[in-house]
Every structure is written in structure tokens, then in C-alpha cells.
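# Observations on the model geometry
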Amino acid sequence: MLAGGAGAVRIVTDRPLIGLRVLAMVDGERTVTHETGSSVLAAPSMPAVIPRAGWGCDESLMTWPPEFYAIQKLICHHTATQNRDPDPAATIRSIYYYHAVTQAWGDIGYNFLVDEAGRIYEGRYSRPYPAGTYPTGENATGQGVTGAHAYQFNSGTVGIALLGTLTNQDTTAAGRNGIEQMLAWKASMQGIDPKGSNRYTNPVSGVSTTFANIAGHRDVNATECPGGAFYQNLPIVRSDVAAMISGTPSPSPSPTAAPSPTPSPSPKPTPRRSPKPSPSPTPTGGGNN
């Protein structure tokens, strides 16, 4: 394949390889070969993601054009909605209406949401995707779309929300598996160390600080999110994600089939326990990016 003026190439495999050889032809005259000295681990596969249409998203409410930046951090949330939710799709529609219309952000703030059965839902709009592919929340070059999930830490991060209130109880085993699958895939594809704490620099405001690469919302804002019960188990989540990336994941529940969308009820805004970011980042002074 033609690579233009590329100075590097990244290869991802969904199964282990004994070895890998990359051959580059330069100017049709010279060849450059790179060969691995050891076996190559398989990257975590992208988990199934239910697209916006799958939860009944009313796209006419979406008024916030997507903006993309390199992904630096993964931030976990809970939605502070009911546990043992009988209709997760309806709950997501309500959150969407609250964020897009009531809060006037123009879209749902989370990049992805995970229900108690472990199903993963597309949140913030990024772009249209070819038929038969799962939405990644990224543009064609792998940059992530900016959401509205963590005040001043929206650009360059991915916000993943577990449905439910996790203050006094943790998510289900299936819910944990769902968020860990998405975290592992994102961390693997973006070269993020799940156990690390690297420096984050807001690509819009330039504000810089250090915190965990897989963080809870309360690590960056004054909030109870993602709930005390889930937050205290974040070290386990990070370890599980690291194991998935290394190719030795812990046993996990079997995937659950996607729910059929139900007719949209009258929106019932869900109160949020976190600061309210504006969807339009400002270039200076920290802003709400």
C-alpha cells in the first residue's frame, strides 16, 4: 500500500504471531526491512458497540459538530440513574435529552455507556460508519471525539459511563466486563498504559496535570462520580485491563444480545452530580474543554 511521506507504520493483529517482518519499498529503488526478534502479542479485539440508532437516538437533537484530538486518558463515570434498569435504551435517551436539550450541550456528553448486562452503547456522535462496522468514537486517523463528561478534561479523553448508581454497590460482573473490554481496546489502540499515571495536557487550553491513565471522574472534578463502590475497585479494573492487553485476561461473562429499541417516552431529565461542561471549548483560561 502507498504510504506517502509516512515515517512510521503501526501494525495491529487480532491473534498472536510467531514473528513479524515489515518490508518498505522506498522510491521504488531501496528496501527497508524490520523484523521482530520475538513473538507478537494479539491486541484486544474491539468489543461490540450498539450504535446510536440502536438505542433510538433522535439525531435531530444533535447540534454539536464533532471535534477530534489525540486520546490521552480514559475516564470512568456512573450515570447516577436507577440500578436493575428494565430499559437501558430509554434511560440513555433520557440522558441524551437532558444533555443535548436541557443542558444545551447539543449532544450526549459520554463517549460510551455500558449497561448492567455488559452491553456497550455509542454515545457522543463522531462520524458515520460503514455498514457492518462498530462505531469507534474516533475519526479516520484515530483521534477521539470531544465529549462533555469532565469539566476542563473533555478534549483528548474518552468518557465511559456505567449505567446505574454505584455509590453503595458496584456494577454487575457483566457491567464490569463490558467497561473493561472497552478500556482494554482503547488503551491498546492508543498506546495507553492502564496502570500508569502520565501527564495530561489539554490540547485546547494548554493546562497540564498528572493523574491516572484510567481515572475516575472524581480524580479530575469535585464529584462523587463514578460512585464510591466502583471507584474503590478501580485498581482491580486497571489490573484486569492490563491482563487483557497482555493476552491473559481473567474469565469474563458471555456477551449479551443487544436490546431492541423501545418507543421513546417523554424525556425525563436525570440529575447529574458533576460540573456542567460547555460543549464549545475556549482556547484560553482553562475553559470547559
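Note that the structure is a prediction, hence the values are computed from the model and not measured.

## A few points about the packing of helix α2 (residues 173–190) against helix α4 (residues 234–246)
Two numbers describe a pair of packed helices, the interaxial angle and the distance between the axes. At their nearest, the axes of α2 and α4 sit 9 Å apart, and the two run at 55 degrees to each other. As judged from the angle between their axes, α2 and α4 are oblique. Pair α2 / α4 crosses with right-handed handedness. Every residue of α4 that contacts α2 at R176, N177, E180, Q181, L183, A184, A187 and S188 is listed here: I236, V237, D240, V241, M244 and I245. Residues belonging to the contact of α2 with α4 are distributed by class as follows: 8 nonpolar, 3 polar and 3 charged.

## With respect to α4
Taking 1.5 Å of rise per residue, 13 residues should cover 18 Å, and α4 covers 18 Å from first to last C-alpha, within 8% of that figure. L234, V237, R238, D240, V241, A242, A243 and M244 are the residues of α4 that are buried. At its buried positions, α4 is contacted by β4 (73–78), α2, β11 (214–216) and α3 (228–231). One or two steps after α4, the chain reaches G247, where phi turns positive at roughly 95 degrees.

## Looking at the sheet that holds β4
Reading across the sheet, the 5 strands line up as β6-β5-β8-β4-β11 and stay open at both edges, with mixed pairing between neighbours. The open sheet is flanked by β6 (120–122) and β11, the only strands paired with a single partner. Neighbour-to-neighbour, the strand axes of the sheet open up by a mean angle of 25 degrees, direction not taken into account. As paired elements, β4 and β11 share 3 bridges and run parallel to each other. In the sheet register, L74 faces β11, and the bridge partner there is I214. Against the sheet, α4 engages β4 and β11, with an angle of about 160 degrees to β11.

## Here we look at the nonpolar core
Among soluble globular proteins, nonpolar side chains are generally buried collectively. Ranked by size, the top nonpolar core spans 24 residues in total, and within it L74, I160, I179, L183 and F230 carry the most contacts. For this core, the secondary structure elements donating two or more residues are β4, β5 (112–114), β8 (157–162), α2 and α4. Sequence-distant contacts of I160, defined by excluding residues within four places in its chain, comprise I75, C76, H77, F112, V114, I179, M182 and L183. Within the second largest apolar cluster, 18 residues are counted, among which are W55, I92, L113 and A161.

## A look at the side chain of S155
Within the secondary structure, S155 sits in the loop between β7 (144–145) and β8. In terms of polar contacts, S155 uses its side chain to reach the side chain of T146, at 3.5 Å.

## Structural notes on the state of the cysteines
With the rule as written, the count across this model stands at 0 disulfides. Counting only cysteine sulfurs, C225 is the nearest neighbor of C76, a cysteine outside any disulfide, at a range of 9.0 Å.

## Description of the pattern of salt bridges
Summed over all chains, the structure comprises 7 salt bridges. Linking R124 and D107 is a salt bridge whose minimum nitrogen-to-oxygen distance equals 3.0 Å. Taken together, the residues R124 in the loop between β6 and β7 and D107 in the loop between α1 (88–102) and β5 connect sequence positions 17 residues apart. Here the two residues R124 and D107 agree in accessibility, since each one is buried. A salt bridge links D170 to R176; its shortest N-O distance comes to 2.7 Å.

## A look at the pairing of β8
Summarising burial for β8: 6 of the 6 residues are buried, a large majority. Burial along β8 is two-sided: the face carrying T157, G159 and A161 and the face carrying V158, I160 and L162 are both buried. By the bridge criterion, 6 bridges tie β4 to β8 in an arrangement that is parallel. Bridge pairing in β8 links H77 to A161.

## Topic: the packing of aromatic side chains
Under the criterion given, the structure shown has 4 aromatic pairs. Aromatic side chains W55 and Y96 sit 5.5 Å apart centroid to centroid with 75 degrees between the ring planes, which places their arrangement in the edge-to-face category. Taken together, the positions of W55 in the loop between β2 (30–35) and β3 (68–69) and Y96 in helix α1 put the pair 41 residues apart, joining distant regions of the chain. Summarising the aromatic geometry, the rings of Y200 and F211 are spaced 5.9 Å apart at their centres and angled 55 degrees between planes, so their arrangement reads as tilted. With a gap of 11 residues between them, Y200 in strand β9 (residues 199–201) and F211 in the loop between β10 (208–210) and β11 connect regions that are remote in the sequence. Its guanidinium or amino end placed over the ring of F211, K73 lies 4.5 Å from that ring's centre, counting from NZ or CZ. In this structure, R124 is placed above the aromatic ring of W64, and the distance from its NZ or CZ to the ring centre is 3.8 Å.

The rules behind these values
- Residues numbered from 1 in each chain as written.
- Predicted model: local features only at pLDDT ≥ 70, side-chain atom pairs only at ≥ 80, totals over all residues.
- Heavy atoms only, no water.
- Axes fitted to C-alpha atoms, helices over the stretch in contact; angles between N-to-C directions.
- Helix = DSSP H or I, 4+ residues; strand = E, 2+ residues; numbered from the N terminus.
- Parallel < 35°, antiparallel > 145°, perpendicular 65-115°, else oblique.
- Left-handed = near helix turned anticlockwise from the far one by under 90°.
- Contact = heavy atoms within 4.5 Å.
- Nonpolar A, V, L, I, M, F, W, Y, C, P; charged D, E, K, R; others polar.
- Expected span 1.5 Å × (residues − 1).
- Buried < 20%, exposed > 50% of the residue type's maximum accessible area, 1.4 Å probe, protein only.
- Pairing = 2+ DSSP bridges.
- Core = buried A, V, L, I, M, F, W, Y, C linked by side-chain atoms within 4.5 Å.
- Polar contact = N/O pair within 3.5 Å; in protein donor to acceptor, adjacent residues only side chain to side chain.
- Disulfide = S-S within 2.5 Å.
- Salt bridge = Lys/Arg side-chain N within 4 Å of Asp/Glu carboxyl O.
- Phe/Tyr/Trp six-rings, centres within 6.5 Å; stacked < 30°, edge-to-face > 60°.
- Lys NZ or Arg CZ within 6 Å of the ring centre and 35° of its normal.

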